[in-house]
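# Close look at the chain arrangement
One letter stands for each residue in the lines below.
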Amino acid sequence: MGITVLCMLTLVPAAYAATISGAPADGRLDVYFRAAPGEANELRILPSENSVRFAGSAPLVAGDHCMAVGASSVRCGPPGPSGLAVYTRTGDTDDIVFAPIGGVVLGDVALGSGDDTGLGTGRMRGGRGSDELRALKSGARVKGGALFRGGPGEDVLVGGPRRDLLDGGPGQ
């Protein structure tokens, strides 16, 4: 009398996590943050002289030219001869991005479809939700002005003490 053992495997999907990776482009290092679907992000983009660090409230996965420095922290660099540029896509939920850019180029922060908050300098775009974009006050880590563009939602754009450009976009 034999005993038959039937094993069933339950496949559990890997936890969603934002990915951050870099790619050389035109003499600089372009760094891309891409949020995972359905993930609320509270993201800090923290530049230094030879890298940029992303610190988040959710898990972050390091790709090319980046390395994990904790479960929710990734450092990318060094920059190319022409510097480093950061591009961020927050996704579909309510997100917060803090970007006091100094020493790197903020290529673009694109806020997703949720009701998002962006604090910083450089280029930031609102998404479909009701977003709030605020320029940071002057400080040692804050360089340059803000270029904010609202999305189709009811957005609030607030400039700072520098020469900021605020465009309400197609929203109300």
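Residues numbered from 1 in each chain as written. Predicted model: local features only at pLDDT ≥ 70, side-chain atom pairs only at ≥ 80, totals over all residues. Heavy atoms only, no water.

Here the focus is unusual backbone geometry. Omega for the bond connecting Gly77 with Pro78 falls within 30 degrees of zero, at 0°, which places this linkage in the cis form. Examined against the element boundaries, Pro78 turns out to sit in the loop between β7 (73-76) and β8 (84-89). With phi around 50°, Asp26 is a residue other than glycine that occupies positive phi space. Along the chain, Asp26 falls in the loop between β1 (18-25) and β2 (28-34). Within the chain, His65 stands out as a residue other than glycine whose phi angle is a positive 65°. Its location among the elements puts His65 in the loop between β5 (60-62) and β6 (66-70). (Helix = DSSP H or I, 4+ residues; strand = E, 2+ residues; numbered from the N terminus.)

Below, the discussion takes up the side chain of Thr90. When you line up the elements, Thr90 lands in the loop between β8 and β9 (96-99). Within the local environment of Thr90, its side chain forms a polar contact with the side chain of Asp95, the two groups lying 3.2 Å apart. From its side chain, Thr90 meets the backbone nitrogen of Gly112 in a polar contact 2.8 Å long. (Polar contact = N/O pair within 3.5 Å; in protein donor to acceptor, adjacent residues only side chain to side chain.)

Attention now moves to the state of the cysteines. Summed over all chains, the structure comprises one disulfide. Here Cys66 connects covalently by a disulfide to Cys76, the sulfurs 2.1 Å from one another. Its torsion about the S-S bond being 105°, the disulfide of Cys66 and Cys76 is classed as right-handed. Note that Cys66 is positioned in strand β6 and Cys76 in strand β7, a separation of 10 residues in sequence. You'll find Cys66 and Cys76 in the same group, each marked buried. (Disulfide = S-S within 2.5 Å. Buried < 20%, exposed > 50% of the residue type's maximum accessible area, 1.4 Å probe, protein only.)

A few words on the nonpolar core. It is characteristic of soluble globular proteins that their nonpolar side chains tend to be buried jointly. Within the largest apolar cluster, 26 residues are counted, with the highest numbers of intra-cluster contacts made by Ile20, Val31, Phe33, Ile45, Val52, Phe54 and Cys76. Broken down by element, the residue count for this core peaks at three residues, all from β2. Once you skip the residues sitting within four places of it in the chain, Val31 turns out to touch Ile20, Ser21, Gly22, Val52, Phe54, Cys76, Leu84, Ala85, Val86 and Tyr87. (Core = buried A, V, L, I, M, F, W, Y, C linked by side-chain atoms within 4.5 Å. Contact = heavy atoms within 4.5 Å.)

Ordered by their spatial adjacency, eight strands build an open sheet running β5-β1-β2-β8-β10-β12-β14-β16, and the pairing between neighbours is mixed. Unpaired on one side and paired on the other, β5 and β16 (165-167) mark the two borders of the sheet. Neighbour-to-neighbour, the strand axes of this sheet turn through a mean angle of 15°, independent of strand direction. Bridge analysis of strand β14 (residues 146-149) against β16 gives three bridges, and the strand direction is parallel. Counterpart to Phe148 in the pairing with β16 is Leu166. (Pairing = 2+ DSSP bridges. Axes fitted to C-alpha atoms, helices over the stretch in contact; angles between N-to-C directions.)

The predicted structure's coordinates, where accompanied by low pLDDT, should not be read in detail. When the pLDDT values of the protein are averaged, the result is 84; 84% of them are 70 or greater. Averaged pLDDT values for the elements of the protein fall to 82 in strand β10 (residues 105-110) and rise to 96 in β7. Low pLDDT (under 50) marks residues 1-14, which in the prediction has zero contacts with non-local residues, meaning those over four places away or in another chain. (pLDDT = per-residue confidence, 0-100.)

Within the fold, Gly127 resides in the loop between β12 (122-125) and β13 (132-135). Since its relative accessible area comes to 9%, Gly127 is described here as buried. Along the chain, Gly127 and Gly112 lie 15 residues apart, while their C-alpha atoms are 4.8 Å from each other. With sequence-adjacent residues up to four places away left out, Gly127 is seen in contact with Leu111, Gly112, Gly151, Pro152 and Gly153.

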